[in-house]
Amino acid sequence: MTDYLTIAGVRLTSRLFVGTGKFASYDLIPKVIEASRTQVVTVALRRIDFDTPGENMLEYIPKDVIVMPNTSGARNAEEAARIARIAREAGCGNWVKIEVITDQKYLLPDNIETIKATEILAKEGFVVLPYMSPDLMAAKRMVDAGAAAVMPLGAPIGTNRGLKTKELLRILIEEIEAPIVVDAGIGRPSEAVEALEMGAAAVLVNTAIATADDPVLMAEAFGQAVEIGRKAYLAGPGATSEYAAASSPLTGFLSQ
Amino acid sequence: MKLFINGKEETFNGLGTLHDLIVSKNLPEQRIIVEVNGNLIKRDEWERTALQEADRIEILRFVGGG
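Parameters and conventions
- Residues numbered from 1 in each chain as written.
- Chains lettered and ligands numbered in written order.
- Predicted model: local features only at pLDDT ≥ 70, side-chain atom pairs only at ≥ 80, totals over all residues.
- Heavy atoms only, no water.
- Helix = DSSP H or I, 4+ residues; strand = E, 2+ residues; numbered from the N terminus.
- Rg over C-alpha atoms; globule rule 2.2 N^0.38 Å.
- Buried < 20%, exposed > 50% of the residue type's maximum accessible area, 1.4 Å probe, protein only.
- Contact = heavy atoms within 4.5 Å.
- Areas by Shrake-Rupley, 256 points an atom, 1.4 Å probe, with all protein chains shown as cover.
- Lys, Arg positive; Asp, Glu negative; His and termini not counted.
- Charge placed at Lys NZ, Arg CZ, Asp CG, Glu CD.
- Pairing = 2+ DSSP bridges.
- Phe/Tyr/Trp six-rings, centres within 6.5 Å; stacked < 30°, edge-to-face > 60°.
- Lys NZ or Arg CZ within 6 Å of the ring centre and 35° of its normal.
- Buried area = accessible area lost by both parts, 1.4 Å probe.
- Salt bridge = Lys/Arg side-chain N within 4 Å of Asp/Glu carboxyl O.
- Polar contact = N/O pair within 3.5 Å; in protein donor to acceptor, adjacent residues only side chain to side chain.
- Nonpolar A, V, L, I, M, F, W, Y, C, P; charged D, E, K, R; others polar.

Undergrad: Teacher, can you tell me more about the overall build of chain B here?
TA: Helices and strands together make up the secondary structure of chain B, namely one helix and five strands. Along chain B, helices (α) and strands (β) appear in the sequence β-β-α-β-β-β when read from the amino end. For 66 residues, the compact-globule estimate of 2.2 N^0.38 gives 11 Å, and chain B sits close to it at 12 Å. Along the longest, intermediate and shortest principal axes, the C-alpha atoms of chain B span 40 × 25 × 20 Å. A burial count over chain B gives 47% of its 66 residues as buried. Contacts in chain B between residues at least 24 apart in sequence constitute 51% of all its contacts with a sequence separation of at least 6. As displayed, chain B offers around 3,500 Å² of accessible surface, 42% of which is attributable to carbon and sulfur atoms. Within chain B, the 11 negative side-chain charges are centred at a point lying 5 Å from the centre of the 9 positive side-chain charges.

And the structure:
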């Protein structure tokens, strides 16, 4: 039996989404995609810099990978919707990661504007994956508004600090029927294992891969981590207990 | 002609269409996205898009992002 993550009717075999920011060179991106076996990558839309026009980063993404533009830079729902529409018109498909941020210190998302953007874009036929602060009611409203998955943060963007919001993530995983994709904060493959083991549907990783000494090797490690975590979740971990419970039989000791 | 390009005011002479502007900026080979006054203009419409005084033009592209 193959275990798929289905989002908007698309069956994904990989539970790792990869962000393409912060890489020292775009040349690394196809290698990272291959090593990680990711099937969903995020990109951003920016004004061109005429002094250094640079390259078209989409050319570095294999054609069979889903490109999910983010709406970074948006400060409210309308700006997010505008960025999403531009990206779709530019031929990026209809998946979008909503990101609405006004807090510059922790880059925490604005859940209220994110709910509004989800509603606007879902109605326009987008596959909407909102980046959000892990709050149960906000997540419910995003799903009601048409979110295909919900992407709560583990820790602030780019911090590599892991699952600091673990208890809230656990509640979201338990209560929300849509896939929960832990986005932001995951710094190590062990934390990706933990998220999947808890029942997260997937994780989105960028900084942890891009800033590793060897990003391609780290991408491979994350690709394996999500597989391990998912297997452990499907296997159903045993119960924990306060006191020891012998694993070896307590009878027939040699000294008896 | 005065235009606002990516938020900056610039002055041009002899510019007729959006296509002329893209050429003058040495950008035709790039995969770029262009908005004029908030409306997305597709590539095949650049040559027929006449520029007007004080148009606000956004020239965008995809970059790495998380």
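Undergrad: Please clarify how the sheet that holds strand β7 (residues 127-132) of chain A should be interpreted in this entry.
TA: Residues and elements named next belong to chain A. Sheet architecture is open: three strands sit in the order β6-β7-β8, paired in parallel fashion. Both outer strands of the open sheet, β6 (95-98) and β8 (151-152), are each paired with one neighbouring strand and no more. In this structure, β6 lies alongside β7, joined through four bridges in parallel fashion. Paired with I98 across the strands is P130, a residue of β7.

Undergrad: Would you mind showing me how to read the packing of aromatic side chains here?
TA: How two aromatic rings sit relative to each other is given by the distance of their centres and the angle of their planes. Residues and elements named next belong to chain A. All told, the structure shown has one aromatic pair over all chains when counted by the stated rule. Between the aromatic rings of Y26 and Y60, the centroid separation amounts to 5.5 Å while the plane-to-plane angle is 55 degrees, which identifies the pairing as tilted. Here Y26, found in the loop between β3 (16-19) and α1 (28-36), pairs with Y60, found in the loop between β4 (40-47) and β5 (66-69); they are 34 residues apart in sequence, far enough to count as distant. Relative accessible area serves as the criterion here: at 16%, Y60 is assigned to the buried category. When the ring centre of F126 is taken as reference, the NZ or CZ atom of R88 above it lies at 3.8 Å.

Undergrad: Just checking my understanding: could you explain the interface of chain A and chain B for this structure?
TA: In many analyses, interface size is given as the accessible surface area lost on bringing the parts together. Facing 31 residues of chain A, the contacting portion of chain B comprises 21 residues. Buried surface at the junction of chain A and chain B, both sides included, amounts to about 2,300 Å², of which 56% is carbon and sulfur. When the area that chain A buries against chain B is broken down by residue, the three leading residues are R47, I48 and F50 of chain A, summing to 28%. Our count for the contact surface shared by chain A and chain B stands at three salt bridges. Taking the shortest distance from any N to any O, the salt bridge between E58 of chain B and R47 of chain A comes out at 2.7 Å. In this assembly, chain A and chain B are joined by 14 residue pairs in polar contact (both at pLDDT 80 or more). Among the elements of the structure, β4 and α2 (77-89) of chain A are those that each provide at least two residues to the side of chain A that touches chain B. Taken together, the residues of the side of chain A that touches chain B sort by class into 14 nonpolar, ten polar and seven charged.

Undergrad: Would you mind showing me how to read the side chain of T165 of chain A here?
TA: Of note, T165 of chain A is situated in the loop between β8 and α5 (166-175). Discounting residues that sit within four places of it in the chain, T165 of chain A has contacts with P134, L153 and G154 of chain A.

Undergrad: What is the right way to read the environment of L5 of chain A from this model?
TA: All names here are of chain A. Looking at the element boundaries, L5 is found in strand β1 (residues 5-7). Judged by its relative accessible area of 4%, L5 is buried. Look past the residues within four positions of L5 in its chain and what remains in contact with it is V10, R11, L12, R15, F17, P179, A201 and A202.

Undergrad: Where do I start with the pattern of salt bridges in this structure?
TA: Pairing between side chains becomes possible if they bear opposite charge and their charged atoms approach one another. Under the definition given, this model contains 16 salt bridges over all chains. Put simply, E35 of chain B and R82 of chain A hold a salt bridge, and the shortest N to O gap is 2.3 Å. One end of the pair, E35 of chain B, is in strand β3 (residues 33-36); the other, R82 of chain A, is in helix α2, on a second chain. Here E35 of chain B falls in the buried class, since its relative accessible area comes to 2%.

Undergrad: Mind showing me how you'd approach the pairing of β3 of chain A here?
TA: As a general feature of sheets, a regular strand has side chains that alternate between the two faces. All names here are of chain A. Burial along β3 is two-sided: L16 and V18 and F17 and G19, pointing in opposite directions, are all buried. Both β3 and strand β10 (residues 202-205) contribute to a ladder of three bridges, which runs parallel. Across the sheet, F17 pairs through a bridge with L204, a residue of β10. Relative to β4, β3 runs parallel, the two being bridged by three bridges. Bridging across to β4, G19 finds its partner in T42.

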